[in-house]
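Here is what each chain is made of, one letter per residue.
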Amino acid sequence: MTVATSGRGPRVVVLAGGVGGSTFTAGVRDEVAARAGALTVVCNTGDDLWLSGLRIQPDVDSMLYALADVKDRIRGWGRAGDSTRVSAELHAWGVGWDWFELGDLDLGAHIARTSWLREGLTPTEVLARLQARWQLGATLLPMTDAEVDTHVVLPDGTRLHFQEWWTRHRARLEPEGFENAGIDTAPPASGVVEAIRAADAVLIAPSNPIVSIGPILAVPGIAQAVRESTAPVVGVSPIIGGAPVRGMADVCLRVAGVPCTAAGVAGQYGSRAHDGVLDHWLIGEEDAAECDTVAATGVVAHVEPLWMSDAARTRALAVAALRAAGI
Ligand code: GDP
Ligand code: CA
């Protein structure tokens, strides 16, 4: 696979999860396009699952829909204007999970994906086909073609798919840890390492550090490519004022023993100078007092408004991240 490039502007790589990651990436996409650059997005596939015979990729689809501008902006996920007739029918037959609703348009994507997988295409090739439908202004890559779905391990040894824990139990069952079976031998998807090596900036989106960015960096070779990149690496804190903006990232951080603070997440990623992945870390104005703690880990802290409450603020955050990267 060739790395997308216009040949003129900056080559930017974003590592991202779903809702927070895709919102941020849409801002980066607009900014990179304005500079005639090229954007590659490495998407978390840890959330993926088989359900009702279909392969579902929640974070990949959030990214696809956000960049195509067809996402449901109110819910923050799924397709705008979707209906749930097919899901209701499946539930009537007792197929799938009755607490897990998939929109009809969304199911169209899952059926297309699954049929291409059954024809023998790799997940990377399938994602190339899915994104070809729209002018995304970015190349989306899965982190790996291997199936390394995140499971939650409970204290009694029970394993639940991450989606069941997150959506059905709302992260209320206290887990012992998270597991991505097979990730230690999962090869990065074609183009991922190449894009990171060729990048002028590597950005880590404000995504869940444990179950979105964590799996991406756990794919052998990806963290190493980030560490060895000649490009500055800039992360954006998903924690503002000691809390995740939305979702239950605080529970994930607690399980991993990471303080639910901007500085805590910076410490989890670590400085490139000390075997970590970060050079720069954008933290909220609310957390300005944590600058020294971040600096002590060897990462340069930048205080910026981190709320992506509308397109203008999101774009401004993208500009700030690129500025921190020196572009
Ligand atoms: P998921 O896969 O759908 O959980 O989405 P991600 O992992 O990409 O992102 C989830 C994280 O995004 C949450 O833990 C939030 O902390 C973060 N987030 C959501 N909205 C914002 C925002 O406006 N600003 C920042 N800085 N982080 C946000
Ligand atoms: Ca996710």
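Because the structure is a prediction, the values reported are computed rather than measured. (Residues numbered from 1 in each chain as written. Chains lettered and ligands numbered in written order. Predicted model: local features only at pLDDT ≥ 70, side-chain atom pairs only at ≥ 80, totals over all residues. Heavy atoms only, no water.)

Participant: Looking at this model, I keep getting lost on the site of ligand 1. Mind explaining?
Facilitator: The local shell around ligand 1 holds 20 residues, among which Gly21, Ser207, Ser212, Pro238 and Leu306 are the closest. Between ligand 1 and Val19 there is a distance of 2.9 Å, counted from an oxygen atom to a backbone nitrogen or oxygen. Contact distances for ligand 1 include 2.5 Å between an oxygen atom and a backbone N or O atom of Pro238. Summarising the interface, the protein chains cover 90% of the accessible area of ligand 1, which totals 590 Å² for the free molecule. Examining the composition of the shell around ligand 1, we find that three residues originate from one element, helix α1 (residues 19-34), more than from any other. Partitioned by chemical class, the residues of the shell around ligand 1 number 10 nonpolar, eight polar and two charged. (Near = heavy atom within 4 Å. Polar contact = N/O pair within 3.5 Å; in protein donor to acceptor, adjacent residues only side chain to side chain. Areas by Shrake-Rupley, 256 points an atom, 1.4 Å probe, with all protein chains shown as cover. Helix = DSSP H or I, 4+ residues; strand = E, 2+ residues; numbered from the N terminus. Nonpolar A, V, L, I, M, F, W, Y, C, P; charged D, E, K, R; others polar.)

Participant: Just checking my understanding: could you explain the nonpolar core for this structure?
Facilitator: In globular proteins that are soluble, nonpolar side chains generally tend to be buried together. Core analysis: the biggest nonpolar cluster contains 54 residues, and Leu15, Met143, Trp165, Ile196, Ile204, Tyr269 and Trp281 have the highest contact counts within it. Excluding residues that lie within four positions of it along the chain, Ile204 makes contacts with Leu15, Ile213, Val233, Val234, Gly235, Val236, Tyr269, Val277 and Leu278. Counting 42 residues, the second-largest nonpolar core is a separate cluster that includes Val14, Val60, Ala201 and Val234. (Core = buried A, V, L, I, M, F, W, Y, C linked by side-chain atoms within 4.5 Å. Buried < 20%, exposed > 50% of the residue type's maximum accessible area, 1.4 Å probe, protein only. Contact = heavy atoms within 4.5 Å.)

Participant: Could you clarify how one ought to interpret helix α2 (residues 58-67) in this entry?
Facilitator: The element α2 is extensively covered by neighbouring structure, given that 10 of its 10 residues are classed as buried. Every buried residue of α2 is listed here: Pro58, Asp59, Val60, Asp61, Ser62, Met63, Leu64, Tyr65, Ala66 and Leu67. One or two steps after α2, the chain reaches Asp69, where phi turns positive at roughly 60°.

Participant: Explain the environment of Asp279 to me, please; I cannot follow it from the model alone.
Facilitator: Position of Asp279 among the secondary structure elements: in the loop between α11 (262-269) and β13 (280-283). Through-space distance from the C-alpha of Asp279 to that of Pro232 is 6.3 Å; in sequence the pair is 47 residues apart. Those residues in contact with Asp279 that lie beyond four places of it in its chain are Ala231, Pro232, Val233, Arg272, Val299 and Val300. A polar contact is formed between the side chain of Asp279 and the backbone nitrogen of Val233, at a distance of 2.8 Å. Looking at Asp279, its side chain comes within polar contact range of the side chain of Arg272, at 2.8 Å.

Participant: Hey, could you run me through the sheet that holds strand β5 (residues 139-142) in this one?
Facilitator: Paired through their backbone hydrogen bonds, the strands of a sheet run either parallel or antiparallel. Across the sheet, seven strands lie side by side as β5-β2-β1-β9-β10-β13-β14; this open sheet has parallel pairing. Only two strands of the sheet have a single partner each, and these edge strands are β5 and β14 (300-303). Put simply, the sheet's adjacent strands are angled 20° from each other on average, direction ignored. In terms of strand pairing, strand β1 (residues 11-16) meets strand β2 (residues 38-43) through six bridges, oriented parallel. The residue bridging Val12 from the neighbouring strand is Leu39, located in β2. Those strands touched by helix α8 (residues 209-218) are β1, β2 and β9 (201-204), and its axis lies near 115° from that of β1. Helix α13 (residues 311-324) rests against β1, β9, β10 (233-236), β13 and β14 of the sheet, and its axis sits at about 150° to β13. (Pairing = 2+ DSSP bridges. Axes fitted to C-alpha atoms, helices over the stretch in contact; angles between N-to-C directions.)

Participant: Help me understand the sheet that holds strand β8 (residues 177-180), please; the structure alone is not making it clear to me.
Facilitator: The three strands are arranged β7-β6-β8 in an open sheet whose pairing can be described as antiparallel. On the outer flanks of this sheet lie β7 (159-161) and β8, each paired with one strand and no other. Neighbouring strand axes in the sheet, compared pairwise and without regard to direction, differ in orientation by 35° on average.

Participant: Explain the side chain of Ser237 here, please?
Facilitator: Within the fold, Ser237 resides in the loop between β10 and β11 (239-240). Only 2.7 Å separates the side chain of Ser237 from the backbone oxygen of Ile239, close enough to count as a polar contact. Sequence-distant contacts of Ser237, that is, excluding residues within four places in its chain, are made with Pro206, Ala262, Trp281, Leu282, Ile283 and Leu306.

Participant: Whenever I open this one, the coordination of the calcium ion (ligand 2) confuses me. Can you help?
Facilitator: Perfect tetrahedral coordination of a metal by four donors corresponds to 109.5 degrees between them, and perfect octahedral coordination by six donors corresponds to 90 or 180 degrees. The calcium ion (ligand 2) binds to the protein through Asp47 (OD), Asp59 (OD) and Asp59 (OD); the donor distances cover 2.0 to 2.7 Å. Taken as a pair, Asp47 in the loop between β2 and β3 (49-51) and Asp59 in helix α2 lie far apart in primary sequence, 12 residues in all. Across the pair, exposure class does not vary: Asp47 and Asp59 are buried alike. (Donors = N, O, S within 2.8 Å, 3.2 Å for Na, K, Ca; no water.)

Participant: Explain the pairing of β14 to me, please; I cannot follow it from the model alone.
Facilitator: Judged from the four bridges that link them, β13 and β14 form a sheet pairing that is parallel. What sits directly across from Leu282, in β14, is His302. In this fold, β13 hands off to helix α12 (residues 291-296), which returns the chain to β14; that crossover is right-handed. (Right-handed = clockwise from strand over helix to strand, strands pointing away.)

Participant: Is there a simple way to explain the pattern of salt bridges in this structure?
Facilitator: Should the charged atoms of two oppositely charged side chains come close, the side chains can pair. This model, assessed by the stated rule, comprises 15 salt bridges. The partner of Arg55 in a salt bridge is Glu147, with the nearest N and O atoms 4.0 Å apart. With a gap of 92 residues between them, Arg55 in strand β4 (residues 54-56) and Glu147 in the loop between β5 and β6 (150-153) connect regions that are remote in the sequence. A relative accessible area of 5% means that Arg55 is categorised as buried. Between Asp310 and Arg313 there is a salt bridge whose closest N-O contact spans 2.6 Å. Judged by its relative accessible area of 33%, Asp310 is partly exposed. Among the residues examined, Arg313 registers a relative accessible area of 45% and is labelled partly exposed. (Salt bridge = Lys/Arg side-chain N within 4 Å of Asp/Glu carboxyl O.)

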